[in-house]
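Residue-level structure breakdown
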Amino acid sequence: MLGEETKKKLCEIVGEEAYLDSVEDLISYSYDSSVSEAIPDAVLLPAGTDQVSAIMKVANEEGIPVTPRGAGTNLSGGTVPLKGGIVLVLTRMNRLIELNRENRYAIVEAGHTNLSLQNKVKKEGLFYPPDPASWSVSTMGGNVGENAGGPRGVKYGVTRDWILGLTAVLADGRIIKAGGITAKNVTGIDLISLFTGSEGCLGIVTEITVKLLPLPPFQQSLQAYFPQLDGASRTVARIIGEGIVPVALELMDKVVVNMIEDSAHIGLPRDVEGTLLIMVDGEEATCRQQVEIMTTICREEGASAVQVAGSVEEEEKLWLGRRSAFGVMSRKMPTCVLEDCTVPVSNLPAMIKGTVEIGKKYKLTIGVMAHAGDGNTHPMIVTDKRDKEEWERVEKAVSEIFQLAVDLGGTLSGEHGIGISKKQFLPLIMNEDARKLMVEIKSVLDPKGILNPGKFIE
Amino acid sequence: MKEKKSLLSDVTNEHVYHCAKCGLCLDACPVYREMLMESHSPRGKVQLAKHIIEGDTELTEHMHDILFSSCLLCGSCVAACPSGVRQDALFSGLRWRAAERYGLGFAKKLFFQVLARGWLMSTSAWFGKWVRKIFGGPWIESKMKAGNLPIDGIPPMNPKPFNDEFPEIVRPEGTVNAHVLYFHGCATNYVFGDVGKAVVSVLTRMGVQVEIPKKQSCCGLPIFLSGDRKTALACIREVVGMFSRKDVDAIIVDCATCGSALRNEYVHILKELRDLGEGVDDDLVKSAEYLADKTMDVSEFIDAHRDWLPVFRPFDGDKIRVTYHDPCHLVKGQKVGVQPRRLLKLLPAVEFVEMEEADRCCGGGGEYQIEYGDMSARITNRKVENVLKTGAGIVATGCPGCTITIGAHLAKDNVRTVHTVQLIKMAMDESGPGKSPTM
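Criteria and thresholds
- Residues numbered from 1 in each chain as written.
- Chains lettered and ligands numbered in written order.
- Predicted model: local features only at pLDDT ≥ 70, side-chain atom pairs only at ≥ 80, totals over all residues.
- Helix = DSSP H or I, 4+ residues; strand = E, 2+ residues; numbered from the N terminus.
- Rg over C-alpha atoms; globule rule 2.2 N^0.38 Å.
- Buried ≥ 20, exposed ≤ 12 C-beta atoms within 10 Å, placed from the backbone.
- Contact = placed C-beta atoms within 7 Å.
- Pairing = 2+ DSSP bridges.
- Axes fitted to C-alpha atoms, helices over the stretch in contact; angles between N-to-C directions.
- Nonpolar A, V, L, I, M, F, W, Y, C, P; charged D, E, K, R; others polar.
- Core = buried A, V, L, I, M, F, W, Y, C linked by C-beta atoms within 7 Å.
- Domains from an automatic or database assignment.
- pLDDT = per-residue confidence, 0-100.

Let us now look at the overall build of chain A. Scanning chain A from N- to C-terminus turns up 15 helices and 18 strands. Taken over C-alpha atoms, the radius of gyration comes to 22 Å for chain A, in line with the 23 Å a tight globule of 458 residues would show. In chain A, which comprises 458 residues, the share counted as buried stands at 55%. In chain A, the proportion of contacts linking residues at least 24 apart, taken out of those at least 6 apart, comes to 72%.

What follows is the structure in structure tokens.
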């Protein structure tokens, strides 16, 4: 609990109704989609940038930790208030400020959800590419904070690639604007990149200007089934090697496919070792040609069947199944540890093979899924955290998976961020001076260390 | 503080551990979408349940309020959950415990006791007077606001209970294709007599012998969901005893909530009470399982036997634009959504249009709209907007609760809300041959 005086000051800013500190509310903001949990002292739901700024002034003066949060769907513990203090929830700041068709950009408040932005721009014939699996609830502010990706990353990259400008509140309450609304902008140091992916440790992003594309005229999805997982991962490396750039190229192994079928009943075959789900978009003729080439590659690599989705509804079902993959893993076992180490795509077969071997070595059930087209693997270890002995094996396996990714020229995270869960592995990939530089940058922006303390910058 | 005895059965407790906290239920939840607060989300309540089960916190009065005020028990989260968590079982279980500890509101208690013993009412007039009062008369206005329901839009009571209007067995003319039991529920009995008449009329003209057991009880689900398990169990025993019969082809239900109770909830509730040692035996569970297998929504039954329908005469006048609202307890609870649409598209005078978010909750949630009027109104407004956007003159649906909520709000816009089966009856009447049975 915060002191009475502090509470009074904060209530004056947001109103009593938007200041929460009942046991039930504090528990409700103690978690995100990762396994970590910590209870805050207060939860605030501000209504605008000015309120965020006023809150930060109070917090900075009094040295109260502040953890910004959207829908809390990140997978690395980024929004868990490790040191207590305030959880600053931006979900109610969810206005679409401007949708500009002529110049193809949109300005939203941080609490605007990704999917509702997708739907609004689609009505205008426009397209916002980043599509994290949690898009129906995850907020644009959260997407920026975590630099979120999604299946479409193969062709369209991650959130950072689509930000033209943003408004951020600094630790002491000052408000800055970075970037603008123009398609090109090389004015000054790229502050957008500084804040994007900073996981709320450097400032609180309250407004975001995103770049939009014309809606692609055509899209097509195909699925291919492989009796050997290896054939599926070789196919991925070959498709990318051929120069085709699919929108999405997803790989799922038997464990994942069976879990999805248990939940979604979309008719995926349960007995094949590897399934690829591929989408292309653009002009119809080009798409059809690409689908043909990919079909041939799949067959050459031993696919037992290749199917092209017949309708948009059919496609949507397939992708809905894929988006629910994290959740479905919890059907049989309570805890699902989902990692997202990423390797150069030519090393994907080795990464997947190695992951399966690590699973065997530690006698764990590991479901292998990957945004394969960009080398972003999602090994999912299903376990029960209450089983201490097994949990130890899980932790060992996770360490080995990260070491393997690094050995293969890869990195710890492709799109989920570092947060709490990958903090201890940072030295594997960043040397001491690089890590120190992050600490130094933070100390300039947040000298008292109140923004999301305890996370990866320490 | 720690809870001394276990509040839920082990099976139900285990559900909290299967929540991956992925958050996909948030968007599915009509209350979260309005409040945008985690404690009002299904994920939030599951995590709160975990803390209560593990003894970090107790079932407080505030938790009681959260369970009742921020949940319509519409089942949208259950349908959306990839991990297979039964949030409904968790929340209704905790509601029961919360109601035991902190009590039900006076109005609610009376409402449910009367629902449960509806068949004891000798004259429906008394019941009607009472229901109008409970649904928004002056008493309710003075005590707990008028709720979300526009009082003028509430339909009047049946002049006499539907059940009294028919003999126990209504036979079709000619060949008998099937023999069904008709569970008409309280709403048809006391308010929507016309729906019941349409069900009997359509089914008999399809060659179906309809048996309408006398003195049938409330399904018990609204009572159960409100947390009053004891009264609910009395209802469940009655219904299972009366309807779990091996000599019929199906048990037909016209109410989404009743259907959901008979098909999904009874077995679940009974097993939970058996496991908690609350005096439920295996035989009762088995009978309930049999009943669950045999129960069908009326639209589902008619659709499955479309070949028994008469050929409709082509219609060349101005068609009526009709849209369809998916009741939560039908589309999420029973996976019935395609069937009513297919039937509506069969009707010659109907121009079917889909509304946006057809499967979003209407915000009614039974007594929810009376006690939590503001929240309910926000959810209902969204539904009303979506209906009006279609330009439809009629909303078809399959739930008396939704009919009351949507109907009351659309009355001023001259949009009528009816049960799908009423439109089928109208089409049959237009097309002749085959008459309604004696009325």
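Before going further, it helps to spend a moment on the environment of B:Val199. Residues and elements named next belong to chain B. One can find Val199 in helix α12 (residues 193–205). It is 25 Å that separates the C-alpha atoms of Val199 and Ile223, two residues lying 24 residues apart in sequence. Among all residues touching Val199, those that are not within four sequence positions of it are Tyr182, Ile252, Asp254, Val298 and Val421.

As a further point, take unusual backbone geometry. Here the phi dihedral of A:His265 falls at roughly 45°; this positive angle occurs in a residue that is not glycine. For A:His265, the position within the fold is in the loop between α9 (254–264) and β14 (274–282). For B:Lys21, which is not glycine, the phi dihedral falls at a positive 60°. Here B:Lys21 is to be found in the loop between α1 (10–14) and α2 (24–28). Judged by the 23 C-beta atoms lying within 10 Å of it, B:Lys21 falls in the buried class.

Here we come to the sheet that holds strand β5 (residues 96–100) of chain A. Residue and element names in this part refer to chain A. As summarised here, the arrangement of the 5 strands in space is β5-β6-β10-β8-β9, forming an open sheet in which the pairing is antiparallel. With partners counted over all chains shown, the strands left at the sheet margins are β5 and β9 (175–179), one partner each. Strand-to-strand twist of the sheet, defined as the mean angle between neighbouring strand axes without regard to direction, takes the value 10°. Pairing of strand β8 (residues 163–169) with strand β10 (residues 204–211) involves 6 bridges; the strand directions are antiparallel. What sits directly across from Val169, in β10, is Ile204. Lying on the sheet, helix α3 (residues 49–62) is in contact with β8, β9 and β10; it crosses β8 at an angle near 45°.

Quick look at the sheet that holds strand β18 (residues 376–383) of chain A now. Residues and elements named next belong to chain A. Strand order in the open sheet made by the 7 strands is β15-β12-β14-β13-β17-β18-β16, with antiparallel pairing throughout. Because the sheet does not close on itself, it has two edges, and the strands there are β15 (305–308) and β16 (335–338). If you compare each strand with its neighbour and ignore which way they point, the axes differ by 15° on average. Pairing between strand β12 (residues 218–226) and β15: 4 bridges, direction antiparallel. Across the sheet, Leu222 pairs through a bridge with Val308, a residue of β15. Strands β12, β14 and β15 of the sheet are contacted by helix α10 (residues 284–300), whose axis makes an angle of about 5° with β12.

Listed by partner, the interface residues are 27 residues for chain B and 29 residues for chain A. Of all the secondary-structure elements, those providing two or more residues to the side of chain B that touches chain A are α2, α4 (42–54) and α5 (61–69) of chain B. Counted by class, the side of chain B that touches chain A contains 13 nonpolar, 11 polar and 3 charged residues.

The subject of this paragraph is the nonpolar core. Judged by nonpolar contacts, the single largest core of 256 residues is most densely connected at A:Leu44, A:Leu88, A:Val236, B:Val199, B:Ile251, B:Ile252 and B:Tyr266. Examining the composition of this core, we find that 9 residues originate from one element, helix α15 (residues 256–275) of chain B, more than from any other.

Below, the discussion takes up the domain arrangement of chain A. All names here are of chain A. We note that the domain assignment places domain 1 (4–89), domain 2 (101–214) and domain 3 (218–407) within chain A. If you average the C-alpha positions of domain 2 and of domain 3, the two centres end up 27 Å apart. Counting residues at the interface gives 7 residues for domain 2 and 13 residues for domain 3.

Another aspect to go through is the confidence of the model for chain B. All names here are of chain B. The pLDDT averaged across chain B works out to 84; a share of 84% of its residues lies at or above 70. For the stretch residues 133–146, pLDDT sits under 50, and the model shows 25 contacts to residues farther than four places along the chain or on other chains. With pLDDT under 50 throughout, residues 434–439 is counted as low confidence; its partners more than four residues away or in other chains account for 9 contacts.

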